[in-house]
Each structure stands twice: as structure tokens, then as C-alpha cells.
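Chains, contacts and geometry: an overview
Each chain is listed here by its residues.
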Amino acid sequence: MTHYTGLIAHYKDRLPVSETTRLISLGEGNTPLIQLHHIPRIIGKNVDIYVKYEGLNPTGSFKDRGMTMAVTKAVEEGSQAIICASTGNTSAAAAAYAVRAGIKAFVLIPEGKIALGKLAQTLMYGAQIIQINGNFDKGMALVKEVANHAPVTIVNSINPFRLEGQKTAAFEIVDELGTAPDYHCLPVGNAGNITAYWKGYSEYATDSATHKAVTNKRPVMCGYQAAGAAPFTAGHMIDNPETIATAIRIGHPQSWDLAWNVQRESNGWFDSLTDAEILVAQKMLSQFEGVFCEPASAASLAGAIRDIKNGKIPEGSRIVCTLTGNGLKDPDTAISQCEETRPVTIDASLDAVKRAILDNM
Ligand code: AN7
């Protein structure tokens, strides 16, 4: 008998699978919800902040939640190949789950704009990588077109099964806290994830068997973008998005209408942060809490901190920030921020090591 772990097995009552569906899983989900113990004190506010550390999924990002579902359904429907455009994490996840399924993965990535760890993974999993001399938005447009001309299943978040898988992160948070938080903060690129969380919170507010309401508590949803790639704060699509947070270097979000709907229904908002603000939050998390996320992920905490400080998120609130990807995804950006914490180089002698310790106590 096949033994299944992972989020589909755990939440199968709330996902579109049957008893006979072959699950394509790598044991994703069930990621830590970590309460921040130092940052609230540092910012001087009485708030309860948790981070949902999605970097601990099998390929190091939240994309695994959507990919287990999308590839499971692609295989169930007889697909032999999947395709995506990607800023990096989707391609790594698609590549891994394709291997697990025994099908082919094609990934379109913007040349030179993929963080090193994501490229390394995707190469190792053996996906067919197609680099284009254009950004994510261009790649996405090409993928939609080519899917009409070749037998490939699109596994970007326009594939509705992606959002089905991703909604389980909200289930896990409610299971752990016993209730939805007051505010939920996320980085926004294509806006698939913020849409999926809202779907998850909304569905979990009703009993899966009786469809009766069990709670009316859902969080205010706060979406944060990088200032150079912020179509939601601009109110229109952006043609040349730029940010150091390459994961969210996206100017034409695919879930535009769905995400505006989330904003309205949850009484939430979109806002943007400079690259500098994003990197400060990334480093704070590492150095004050011991949690290492990739730059794009830190946009959620950077936004939360700003809106806690300015009172938009009131004291006494319980806030969850999703950390979408692991810090190991982008070693270059991490190292370039750590000039003053570079290793000291000394003689290989007891005396020198002793001095290096005593001088730095
Ligand atoms: C770390 O991999 O779009 O708003 O092609 O990798 O659901 O798009 C990545 C997106 C946030 C934004 N944080 O999520 C891709 C891709 C990280 C990400 C987002 C992404 P959406």
C-alpha cells in the first residue's frame, strides 16, 4: 500500500481528490508557525506576531503546496508534461514534482534574474530550462500561448488547483491558533497566494460536511509589493518591474481581479516597500529571531512592521506574516548584506582562536 504524507492526505476532505487519486507528494505542508519573541519589543509595540515559515517545504517555498495539487491533478488527467513561467520558485517546485510524477517539466525563466539556489535546484531536478531575454510577464504570456500549441499543462497559479493546494496554509494556521488571526500579511507578486489564503480562511469558516458556519472570524488581508514592482499600489499593470526581491519582480499579476476582491472582502490593503526596507526586515528576522527567509518573503514582515508602527494595525492585534521562501534560495543577496559580519581570518593556533573569542565577547 502506498503511504502518503503531505497536505493532500491531511486535508483530503477539503481538496478535489478521490480515494483512488494517486497523490504526487513530497511531504509538503505542516510548516512551523513561529512566534516572534524579540521584534515586537524592538519596535516597542504590544502585538503578537507569528511567521508561517514556508521555506521549510520540500523545495524551500510555499509553491510546493500548490504544486502537489496541480501535478496530482495533471497526472490524474493523463498529462505527460507540465510547463510554467517563473521567477524561480515555481520552476523549482514544478521540476521536483514532475520528477516525482515521472513526467516532463519545461520552465521559462528570465535570463540572469533567478536567485542562485533556485537555479541550482531546477538544474538538479533535471527540468528543461528555457531562458528568455525577457521578464516573468513576457514568459507568462508565452506560456499561455504555447499551451495552445503543445500538449503541456500550465502549472502557474492560473491553474486553479494551485490555489486549492495553497489554501491549506490558512487551514494549518487556524488549526494551530484555534482561530484565524486578526491580520494576515503576505508578499504579493501574481497575487495567487493572497487569493488562496483568503479562500482557505473562508472555507474553514464553514463545516466541510454540513456547510454550516462555524466562525465568522477571518483576517484582514494585507498584501505588500516591492516599490519597483507594485502594480497593486499603482492601480495598473507595470511594464518594467525592478526589485532586488526577484521572486516578486512581476508587473502583470495573473490574479489581479481575484486579489482586489480579497482586499474588498477582507477590508484589507495593498502597499509597497522599498528594496532597502525589505532587506532591513530580512536581516532583522535573521539576526533577532533566527529565521532566514528570502528577500521577497521579508516584504510581509516589513509591511507589518510599518503598519504596526503607524497604527494601521492596532496594538493588541494578532498578526501572521507568511515567509514564502527559504533564505538559502538567494545566497548572493544575503552575503552582500553582511559586510560587517564577514568571517575573521586568523592563524590556525590556539592563541589566535582564543584572542578571536575574547575580543568578540
Ligand atoms: C518567495 O516562482 O511567481 O503573489 O514564478 O517566490 O502568489 O505570486 C513566485 C512568487 C512571494 C509571490 N514570495 O506570490 C514564481 C513566482 C516568493 C515567491 C511570491 C513568490 P504570488
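One can find the structure itself at the top, above this paragraph.
Let us look at the structure shown here. (Residues numbered from 1 in each chain as written. Predicted model: local features only at pLDDT ≥ 70, side-chain atom pairs only at ≥ 80, totals over all residues. Heavy atoms only, no water.)

What the protein contains, in helices and strands, is 15 helices and 10 strands. Over its C-alpha atoms the protein spans a radius of gyration of 21 Å, differing by no more than 12% from the 21 Å that the globule rule assigns to 361 residues. Dimensions of the protein along its principal axes, counting C-alpha atoms only, are 65 × 50 × 45 Å. Considering the protein as a whole, with its 361 residues, one finds that 56% of them fall into the buried category. For the protein, restricting intrachain contacts to residue pairs at least 6 apart in sequence, the fraction spanning at least 24 positions comes to 71%. Split by element, the accessible area of the protein, about 15700 Å² in all, is 53% carbon and sulfur. When the 32 positive and 36 negative side-chain charges of the protein are each reduced to one mean point, those points stand 2 Å apart. (Helix = DSSP H or I, 4+ residues; strand = E, 2+ residues; numbered from the N terminus. Rg over C-alpha atoms; globule rule 2.2 N^0.38 Å. Buried < 20%, exposed > 50% of the residue type's maximum accessible area, 1.4 Å probe, protein only. Contact = heavy atoms within 4.5 Å. Areas by Shrake-Rupley, 256 points an atom, 1.4 Å probe, with all protein chains shown as cover. Lys, Arg positive; Asp, Glu negative; His and termini not counted. Charge placed at Lys NZ, Arg CZ, Asp CG, Glu CD.)

Residues in close proximity to the ligand total 24 residues, the closest being Asn89, Thr90, Asn190, Ala191 and Thr324. Thr324 is positioned such that a nitrogen or oxygen atom in its side chain is 2.6 Å from a nitrogen atom of the ligand. When the ligand sits alone it has 480 Å² of accessible area, and the protein chains cover 99% of it. Residues belonging to the shell around the ligand are distributed by class as follows: 10 nonpolar, 12 polar and 2 charged. Looking at which domains feed residues into the shell around the ligand, each of domain 1 (7-60 + 162-336) and domain 2 (63-158) gives three or more. (Near = heavy atom within 4 Å. Polar contact = N/O pair within 3.5 Å; in protein donor to acceptor, adjacent residues only side chain to side chain. Nonpolar A, V, L, I, M, F, W, Y, C, P; charged D, E, K, R; others polar. Domains from an automatic or database assignment.)

This brings us to the packing of helix 9 (residues 192-204) against helix 11 (residues 256-266). Axis separation between helix 9 and helix 11 bottoms out at 9 Å; the angle between their running directions is 45°. With respect to helix 11, the element helix 9 is oriented oblique. In the crossing of helix 9 with helix 11, the sense of the turn from one axis to the other is left-handed. Within the contact between the two elements, helix 9 uses Ile194, Thr195 and Trp198 and helix 11 uses Leu258, Ala259, Val262, Glu265 and Ser266. (Axes fitted to C-alpha atoms, helices over the stretch in contact; angles between N-to-C directions. Parallel < 35°, antiparallel > 145°, perpendicular 65-115°, else oblique. Left-handed = near helix turned anticlockwise from the far one by under 90°.)

In terms of burial, strand 2 (residues 48-53) is a largely internal element, 5 of the 6 residues being buried. Of the pairings in the sheet, the one linking strand 1 (residues 33-35) to strand 2 comprises 3 bridges and is antiparallel in character. Residue pairing in the sheet places Gln35 in a bridge with Tyr50 of strand 2. Sheet topology note: the strand 2/strand 10 (residues 318-323) ladder contains 6 bridges and is parallel. (Pairing = 2+ DSSP bridges.)

Our focus in this paragraph is the packing of helix 12 (residues 275-289) against helix 13 (residues 295-309). Their axes nearest at 7 Å, the elements helix 12 and helix 13 cross at an angle of 95°. In terms of orientation, helix 12 and helix 13 fall into the roughly perpendicular class. In this structure, helix 12 uses Glu277, Ile278, Leu279, Ala281, Gln282, Met284 and Leu285 to contact helix 13, whose residues at the interface are Pro295, Ala298, Ala299, Leu301, Ala302, Ile305 and Arg306. Residues of the contact of helix 12 with helix 13, tallied by class, amount to 11 nonpolar, 1 polar and 2 charged.

Glancing now at the pattern of salt bridges. Evaluated as defined, the whole model comprises 15 salt bridges. Ionic pairing is found between Lys167 and Glu203, a salt bridge with its closest N-O pair at 2.7 Å. Remark: Glu203 occurs in helix 9 and Lys167 occurs in the loop between helix 7 (160-166) and helix 8 (168-177); sequence separation between them is 36 residues. Glu203 sits in the partly exposed class, given a relative accessible area of 22%. The partner of Arg306 in a salt bridge is Asp271, with the nearest N and O atoms 3.2 Å apart. Of this pair, Arg306 sits in helix 13 while Asp271 is found in strand 9 (residues 269-273), placing the two residues 35 residues apart along the sequence. Within the structure, one salt-bridge network assembled from shared partners comprises Lys52, Glu54, Arg65 and Glu172. (Salt bridge = Lys/Arg side-chain N within 4 Å of Asp/Glu carboxyl O.)

Glancing now at unusual backbone geometry. With a phi angle near 60°, His211 is a residue other than glycine that sits in the positive phi range. Its identity as a non-glycine residue notwithstanding, Asn267 has a phi of 55°, on the positive side. Assignment of secondary structure puts Asn267 in the loop between helix 11 and strand 9.

Right, let's get into the side chain of Asp330. Relative to the assigned elements, Asp330 resides in the loop between strand 10 and helix 14 (331-336). Here Thr333 takes part through its side chain, which lies 2.7 Å from a polar atom of the side chain of Asp330.

One open sheet holds the 4 strands; their spatial order is 5-4-3-6, and the pairing between them is parallel. Only two strands of the sheet have a single partner each, and these edge strands are strand 5 (128-132) and strand 6 (153-154). As judged from the 2 bridges shared by strand 3 (residues 81-85) and strand 6, these two strands associate in the parallel manner. Bridge pairing links Ile83 to Ile154 in strand 6.

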